[in-house]
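# Observations on chain architecture
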Amino acid sequence: VDCSPRWSPDSRRLAFLSDRARSDQFQLHVLELSGGEARPVTELQGAVSDPAWSPDGQQIGFLVTESPPAADSDVFVADSPQHYRRVWLVDPQSGSSFPLTPDGFQVHEWKWSPDGTHIAIIAKEGDSTPSGWYTAQIYVLPVAQPHNIRQLFTSQRQICALEWSPDSAQLAFLASFISDQPLWSGDVCIVGVQGGAPRVVTPPYTPMSFTRLEWRTPETIIYSARQLDGTSFGQLNITTGAFEPLWSAYAMIGDWTVPRISLAADHNIFAAVLENPETPPQVYAGRLDAVQNWQQVSHFDYAPLQMGRMEPTRWRAHDGLEIVGHIVYPVGYQAGKRYPTFVQIHGGPAWSWLPHYAVWWEWWYQYLAGRGYLVLLPNIRGSTGRGTAYTEANWGDVCGSDWQDVLDGVDHLIALGLADPDRLGIGGWSYGGVMTAWAVSQSTRFKAAVMGAGITNWESYYAQNGIRDWQRILFGSTPYDNPAYHRSISALTHIKRAVTPTLILHGQEDMDVPVAQAYEMYVALKTIGVETQLITYPREHHPIQERDHQLDLLARIADWCDRYLKL
């Protein structure tokens, strides 16, 4: 496998990662475009990732997570010595390489300064676990004196999307509550490399959530953004905070993680992957000075699919807040007819449903639309797409107003004459699984439920998971600080109310939501006599990756819904 290609600054060499020498170990390779075979420039043990050329092309930086030494036995010792992800540098000519960042710092992001003298990192000192990302901080260190590492300030929010200013004097980044590491979003902030309090550039209430940044001039940044009903990109003035949208549509730019475009060296030509609910992803290019004139540059051949029509919808929540979601109509929809309806809740919760062209293991809506279901995709409070205040609206209110937003959305579809109130289903993965477990314990409206990788007992979950800081930040406490609160919003606390037939799906190796949570729900439902089935997938972590498992998951979801909703 070859991956992560990176052009040298002079465009004469290509660096990339490859496991061609050994299938379980990636190494950095360099290919001279003048001819010849690609040659390896590293011989390291551990996970190698995220390469980037120095601005002068004399070095390549990359991340290495060092492998632990071979153990004398298979005995597990909790909190044994940790092995950190560090920035390494290599001379692509000689192959001489060395670690740049000190041991004891887990690096989550890193960037060269434009003048090549420094790097900036987002890192957590003293914690190499995934949980450390939630409290990581920004550091700067000179390449010539890496021991002079400096923390710029202390952030109370998660930080991501580092970008240097053209003069190497400032850093831009995003700050917000973020549920999962790849799902970047937040307020745009600026901090000088000498430190001090960062400046929040964007106003507190914006109609979008910024996801990626690229500095264009000393005063302007090109942003990409997620909206509750689409994506956009534009230009942001870092002095005034004024943003100028250049493009916005009911479409998706980038990939499933974050909306993004990529700027060329002239800071005018851009490229992006673009898709919408009717058109599969293709690569396009354009110019910021004539942004409407996109040109398609890829022509991938996709098998034709019968897709359900997808459109945005809006409703008022119980407290008057406008909630945005999407309706996916069943294939062959007939106006005036009510349909069995499935409510799919997204993960995160700091994420949102966007207008993709997709049938994916975690996105069941088009698969169900092809089976005759109407699907509601609600972007409830806590979602990204309407600024940080909206994303953080369920802090300390888990399964509170966001749950009521779901019920209000169901009532909205019933009022529109679309949903059959007697044939309602609910489900989701990750935080969608959390909300599904809660729905089963709170409501008798739903006739079928699909709980994927859901949390059912917040007290036991804290000791089981590998991302404890996420729970602590979301709740504002640990179960030991406030056990009554964590217990009160655990589905198992109220499980005696449950009547909804529930399909439970989970990866056996999941450490974000350990499989013990699935077993707790399964045993509880079996004990009280509610129809349930538990399916666990070997070798799978939080996402389900193996193709056969993905197909099995989708088939089981459809069969479960058919059994209880197609009466």
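Provided above is the structure to which this section pertains.
The residue numbering used here restarts from 1 in each chain and proceeds along that chain's sequence as written. Local features in this predicted model are restricted to residues of pLDDT 70 or higher, and side-chain atom pairs are both shown and tallied only at a pLDDT of 80 or more, whereas totals for entire chains, interfaces and linings draw on every residue. Side-chain descriptors were evaluated using all non-hydrogen atoms of the structure, hydrogens and water having been removed beforehand.

## Considering the environment of tryptophan 7
The way it works is that DSSP assigns letters per residue, a run of H or I at least four long becomes a helix, a run of E at least two long becomes a strand, and they are numbered from the N terminus. Take tryptophan 7: it is sitting in strand E1 (residues 2–7). The spatial distance from the C-alpha of tryptophan 7 to the C-alpha of tryptophan 112 is 15 Å, given a sequence separation of 105 residues. In what follows, a contact means two residues having at least one pair of non-hydrogen atoms within 4.5 Å. When residues no more than four places from it in sequence are discounted, the contact partners of tryptophan 7 are Arg13, Leu14, Leu33 and Trp53.

## What about the sheet that holds strand E7 (residues 85–90)?
Across a sheet, paired strands are connected by hydrogen bonds in the backbone, their directions being either parallel or antiparallel. Whether two strands pair comes down to DSSP finding at least two bridges between them. With respect to topology, 4 strands assemble into an open sheet ordered E5-E6-E7-E8, the strand pairing being antiparallel. Each of the sheet's edge strands pairs with one partner strand only, and the pair in question is strand E5 (47–53) and strand E8 (97–99). Taking the axes of each pair of neighbouring strands and ignoring which way they run, one obtains an average angle of 25° across the sheet. The pairing of E5 with strand E6 (residues 60–65) spans 5 bridges and is classified as antiparallel. By the bridge assignment for E6, alanine 52 is matched with glycine 61. Note on geometry: axes are lines fitted to C-alpha atoms, helical ones only across the stretch in contact, with angles between N-to-C directions running from 0 to 180 degrees.

## Here's the deal with the packing of aromatic side chains
Working definition: a ring pair exists when centres of Phe, Tyr or Trp rings (six-membered ring for Trp) sit within 6.5 Å. Plane angles under 30 degrees give stacked, over 60 give edge-to-face, the rest tilted. Per the stated rule, a full pass over the model turns up 33 aromatic pairs. Ring geometry for phenylalanine 270 and tryptophan 294: centres 5.2 Å apart, planes at 75°, overall edge-to-face. Of the two residues, phenylalanine 270 sits in strand E23 (residues 269–276) while tryptophan 294 sits in strand E25 (residues 290–296), which places them 24 residues apart along the sequence. Summarising the burial analysis for this pair, phenylalanine 270 and tryptophan 294 share the class buried. Three or more aromatic residues joined by ring pairs form one cluster here, namely Trp256, Trp351, Trp353, Trp360, Trp361, Trp363, Tyr365 and Trp429. When the NZ atom of lysine or the CZ atom of arginine is within 6 Å of a ring's centre and also within 35 degrees of its normal, the charge is said to sit over that ring. When the ring centre of tyrosine 329 is taken as reference, the NZ or CZ atom of arginine 309 above it lies at 4.0 Å. A cation over a ring is seen here: arginine 386 above tyrosine 390, with NZ or CZ 4.7 Å from the ring centre. Residue exposure (1.4 Å probe, protein chains only): buried if accessible area is under 20% of the type maximum, exposed if over 50%, otherwise partly exposed.

## Some thoughts on the sheet that holds strand E12 (residues 150–151)
The 4 strands are arranged E9-E10-E11-E12 in an open sheet whose pairing can be described as antiparallel. Looking along the sheet, the strands with just one partner apiece sit at the ends: strand E9 (105–112) and E12. For strand E11 (residues 137–142) and E12, the ladder comprises 2 bridges, and the chain directions are antiparallel. From the neighbouring strand, valine 140 faces E12, where its bridge partner is arginine 150.

## What about the pattern of salt bridges?
Counted as salt bridges are all cases of a side-chain nitrogen of Lys or Arg within 4 Å of a carboxyl oxygen of Asp or Glu. A complete count under the given rule lists 24 salt bridges for this structure. Between aspartate 562 and lysine 566 there is a salt bridge, and its shortest N-O distance comes to 3.7 Å. Residue class for lysine 566 comes out partly exposed when judged on its relative accessible area of 39%. Here the salt bridges do not stand alone but share partners, grouping Asp229, Arg314, Glu322 and Arg386 into one network.

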